[in-house]
Amino acid sequence: TGVVGKPHMFKSTIAKSIVYLAALRLLTTIKTSVLLYDTEITIIEDHQREIFEFFINHFDDLKPFFYEDGKIIDLIDNNIIVFTNKEKYTGDEFYEFLKKILKAKDPSIKRDKGEELPEPMQPIETPFLERDGVTRFKMLPPTFNDVDSITEFTTKADDEMQENHELGDKGANPAFMTQGLNKQRFIMGLPTMLAKSNHYTMMTAQVGKAINMNTGPMPSAPQKQLTAMKNDDVLKGVSSKFVSLSNVCFQALKSSACLMTHRIEDGLRYPLFQTKGNQYDNDLFEVELLCIRNKNGPTGWTITILVSQSKGLLTDLTEFHYIKTNDYGFNGSRDNYQLVLLPEVNLTRTTIRRKLESTPGLQRAINITSELLQLQHFKPGWWQMYECDIQDLYKGIKEKGFDWNEILTKTRGWYSLDVNHPIKELCIIDLLRMYKEDYIPYWMDPQTKRIKA
């Protein structure tokens with residue numbers, strides 16, 4: 001997965017937040033790990049710790065799993081989240097190191113005599129069936145890494161060529177060609193290696209403007225590196241393989257302070273503190289993401305996400321912003337309102353961030369409402385199969401004997417490899433099928449419509 005953009009577009013924060021959330025969700029029940037490779041040598045461990053510890057303390061479906069003796073588990077000290085950079089490993093050395101640890105995951109790989117490798121990870125049996133319709137599908141636990149950024153990725157040979165020539169020396173010119181080829185080899189080597197080991201890689205890259213050289217009296221025709229990208233936007237220091245081999249790639253088009261209007265004097269849209277003008281309250285930004293590459297769906301669509309400079313990607317506030325700006329799933333007036341799925345909780349734009357921290361069921365109610373709207377916007381074919389008004393969904397689920405409080409406080413919308421996870425999985429399609437009376441979750445008692453003991 002790629003995240004690209006110009007400077008100060010929160011590419012690194014977005015990429016790492018996605019990786020942290022995926023890993024933390026898995027860590028609630030199974031082992032996984034995250035390896036972060038910093039080519040720009042700008043990562044500060046304490047800041048990264050602040051981001052993933054915020055996720056742990058903020059999200060209701062993570063909080064119960066990361067404490068021992070009343071203290072939060074330090075994922076860095078426990079080598080679950082590992083940082084390294086170009087000072088420690090050049091690009092080629094990092095590639096060999098990554099190959100080594102991914103090879104170590106698979107217990108079927110033959111180990112050479114005396115080869116020092118970590119313990120292999122045992123495959124996990126999933127509830128899904130193989131093509132024969134009988135055998136349970138097994139998979140290695142997912143693991144993750146992040147390369148930030150591929151633009152500054154260099155090998156040992158690249159660095160030596162730069163060191164051996166002074167600035168302006170013609171002999172250094174081939175270094176840039178060699179550097180591009182080495183990056184291309186690195187990216188081309190990833191897909192097979194990642195697929196074999198069930199490993200997921202995030203990468204960031206810089207975006208700049210193409211330099212068009214006029215060869216006649218008329219201006220050069222604008223160029224597009226990808227159909228969805230703007231004219232003359234190009235990825236810097238990256239081969240075309242970066243986008244052609246990525247499953248999904250996002251371009252951060254613009255970022256701006258999250259204000260009521262374009263003027264800071266008019267106030268913050270979602271303040272965290274009650275005291276107006278608190279200097280620590282202005283770190284929330286809106287980032288517009290454009291999908292420029294997507295192997296499994298449409299491209300060219302944009303979403304607005306909310307990013308805190310100190311806390312990372314705020315997924316629940318992003319979902320709230322999405323439904324609020326689309327005026328979907330609310331009762332009440334413009335300034336004082338309630339979610340249809342949680343009518344007993346009063347909300348305003350100035351209290352939403354604090355209530356997300358303290359109100360049971362609010363995060364999940366926003367998540368379900370947001371996913372209902374996403375289904376309409378991004379999966380209209382699915383929506384036509386299950387289409388219903390959100391008011392009718394709320395009433396219908398209740399009338400059929402299900403407990404909304406249990407749904408909002410004891411379920412999650414994301415998948416886990418552990419079918420015995422204490423917080424039960426309930427995806428948006430499950431909920432719509434329950435409303436249509438053609439499904440009861442396997443973890444529910446069909447008589448009482450409550451979670452089984």
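Bear in mind the structure is a predicted one, so any value in this text is a computation, not a measurement. (Residues numbered from 1 in each chain as written. Predicted model: local features only at pLDDT ≥ 70, side-chain atom pairs only at ≥ 80, totals over all residues. Heavy atoms only, no water.)

(A) Structural view of the packing of aromatic side chains. What the rule picks out here adds up to 19 aromatic pairs. With a centroid separation of 6.0 Å and 55° between ring planes, the pair formed by phenylalanine 54 and phenylalanine 55 is classed as tilted. For the residue pair phenylalanine 54 and phenylalanine 55, the accessibility class agrees, reading buried in each case. Ring centres of tryptophan 382 and tyrosine 386 lie 6.4 Å apart, and the angle between their planes is 10°; on these two criteria the pair is classed as stacked. (Phe/Tyr/Trp six-rings, centres within 6.5 Å; stacked < 30°, edge-to-face > 60°. Buried < 20%, exposed > 50% of the residue type's maximum accessible area, 1.4 Å probe, protein only.)

(B) Expanded view of the environment of leucine 373. Here leucine 373 is to be found in helix H9 (residues 362–378). Leucine 373 sits in the buried class, given a relative accessible area of 5%. Sequence spacing of leucine 373 and isoleucine 390 is 17 residues, and the spatial spacing of their C-alpha atoms is 9.7 Å. Apart from residues no more than four positions distant in its own chain, leucine 373 is found in contact with Tyr322, Ile323, Asn326 and Tyr328. (Helix = DSSP H or I, 4+ residues; strand = E, 2+ residues; numbered from the N terminus. Contact = heavy atoms within 4.5 Å.)

(C) Structural view of the packing of helix H11 (residues 390–399) against helix H13 (residues 428–435). Closest axis-to-axis distance for the H11/H13 pair is 9 Å, and the angle between their directions is 65°. By the angle between their axes, H11 is roughly perpendicular relative to H13. In the packing of H11 onto H13, the handedness of the crossing is left-handed. In this structure, H11 contributes Asp392, Leu393, Gly396 and Ile397 to the contact, and H13 contributes Leu431, Leu432, Met434 and Tyr435. Considered class by class, the residues forming the contact of H11 with H13 number 6 nonpolar, 1 polar and 1 charged. (Axes fitted to C-alpha atoms, helices over the stretch in contact; angles between N-to-C directions. Parallel < 35°, antiparallel > 145°, perpendicular 65-115°, else oblique. Left-handed = near helix turned anticlockwise from the far one by under 90°. Nonpolar A, V, L, I, M, F, W, Y, C, P; charged D, E, K, R; others polar.)

(D) Main features of the environment of serine 149. Looking at the element boundaries, serine 149 is found in the loop between strand E8 (143–148) and helix H4 (156–163). In this structure, the C-alpha to C-alpha distance between serine 149 and glutamate 40, residues 109 residues apart in sequence, is 6.8 Å. Discounting chain neighbours no more than four positions away, the residues touching serine 149 are Thr39, Glu40, Thr204 and Ala205. Only 2.8 Å separates the side chain of serine 149 from the side chain of glutamate 40, close enough to count as a polar contact. (Polar contact = N/O pair within 3.5 Å; in protein donor to acceptor, adjacent residues only side chain to side chain.)

(E) Spatial organisation of the pairing of E8. In terms of residue burial, E8 counts as a mostly covered element, since 6 of its 6 residues are buried. The alternating pattern of E8 places Thr143, Asn145 and Val147 and Phe144, Asp146 and Asp148 on opposite faces, both of which are buried. Bridge analysis of strand E2 (residues 34–38) against E8 gives 5 bridges, and the strand direction is parallel. Bridged to leucine 36 within E8 is aspartate 146. (Pairing = 2+ DSSP bridges.)

(F) Spatial organisation of the side chain of asparagine 367. Relative to the assigned elements, asparagine 367 resides in helix H9. The residues touching asparagine 367, leaving out its near neighbours within four places in the chain, are Glu319 and Gly413.

(G) Representation of the packing of helix H7 (residues 315–325) against H9 in the model. Between H7 and H9, the shortest axis-to-axis distance is 9 Å and the interhelical angle comes to 55°. In terms of their interaxial angle, H7 and H9 are classed as oblique. When the axes of H7 and H9 are compared, the crossing they make is left-handed. The residues of H9 that touch H7, namely those facing Asp316, Glu319, Phe320, Tyr322 and Ile323, are Gln363, Ile366, Asn367, Thr369, Ser370, Leu373, Gln374, His377 and Phe378. Looking at the contact of H7 with H9 residue by residue, the classes come out as 6 nonpolar, 6 polar and 2 charged.

(H) Expanded view of H11. Ile390, Leu393, Tyr394, Gly396 and Ile397 are the residues of H11 that are buried. Summarising the contacts, the buried residues of H11 are in contact with strand E17 (342–347), H9, helix H12 (404–410) and H13. Put simply, aspartate 389 is the residue that caps the front of H11, since its side-chain oxygen is 2.8 Å from the backbone nitrogen of glutamine 391. Following H11 by one or two positions, glycine 401 has its phi on the positive side, about 95°.

(I) Just the environment of tryptophan 301, in detail. For tryptophan 301, the position within the fold is in the loop between strand E12 (284–294) and strand E13 (302–308). The contacts of tryptophan 301, once residues within four sequence positions are left out, are Phe250, Leu289, Leu290, Cys291, Asn294 and Phe378. Only 2.8 Å separates the side chain of tryptophan 301 from the backbone oxygen of proline 298, close enough to count as a polar contact.

(J) How the structure looks around the sheet that holds strand E15 (residues 330–332). In space, the 3 strands of this open sheet follow the order E15-E16-E17, with antiparallel pairing throughout. The two strands at the open ends of the sheet, each matched to only one other strand, are E15 and E17. On average, each strand axis in the sheet is inclined to that of its neighbour by 35°, with strand direction left out of account. Pairing between strand E16 (residues 337–339) and E17: 2 bridges, direction antiparallel. Across the sheet, the residue bridging to tyrosine 337 is leucine 347, located in E17.

(K) View of the state of the cysteines. Under the counting rule described, the total for this entry stands at 0 disulfides. The thiol sulfur of cysteine 291 is not disulfide-bonded, and the nearest other cysteine sulfur, from cysteine 249, lies at 8.1 Å. (Disulfide = S-S within 2.5 Å.)

(L) Highlighting a nonpolar patch on the surface. A surface patch of nonpolar side chains, amounting to about 280 Å² of accessible area, comprises Phe128, Phe137 and Tyr415. Tracing the sequence through the fold places tyrosine 415 in the loop between strand E18 (411–412) and strand E19 (424–425). According to the relative accessible area criterion, tyrosine 415 is partly exposed, its value standing at 34%. (Patch = residues over 30% accessible without salt bridge, like charges linked within 9 Å, V, L, I, M, F, W, Y side chains within 5 Å. Areas by Shrake-Rupley, 256 points an atom, 1.4 Å probe, with all protein chains shown as cover. Salt bridge = Lys/Arg side-chain N within 4 Å of Asp/Glu carboxyl O.)

(M) Geometry of helix H2 (residues 45–58). With 14 residues, H2 extends 20 Å from end C-alpha to end C-alpha; this agrees with the ideal 20 Å at 1.5 Å per step. Within H2, the full set of buried residues consists of Gln48, Arg49, Ile51, Phe52, Glu53, Phe54, Phe55, Ile56 and His58. (Expected span 1.5 Å × (residues − 1).)

(N) Just unusual backbone geometry, in detail. Residue aspartate 148 is joined to serine 149 through a cis peptide bond whose omega torsion reads 0°. In this structure, isoleucine 41 is a non-glycine residue whose phi angle is positive, near 50°. Overall, the relative accessible area of 44% leaves isoleucine 41 in the partly exposed class. In this structure, asparagine 79 takes a positive phi of about 60° despite not being glycine. Asparagine 79 sits in the exposed class, given a relative accessible area of 58%.

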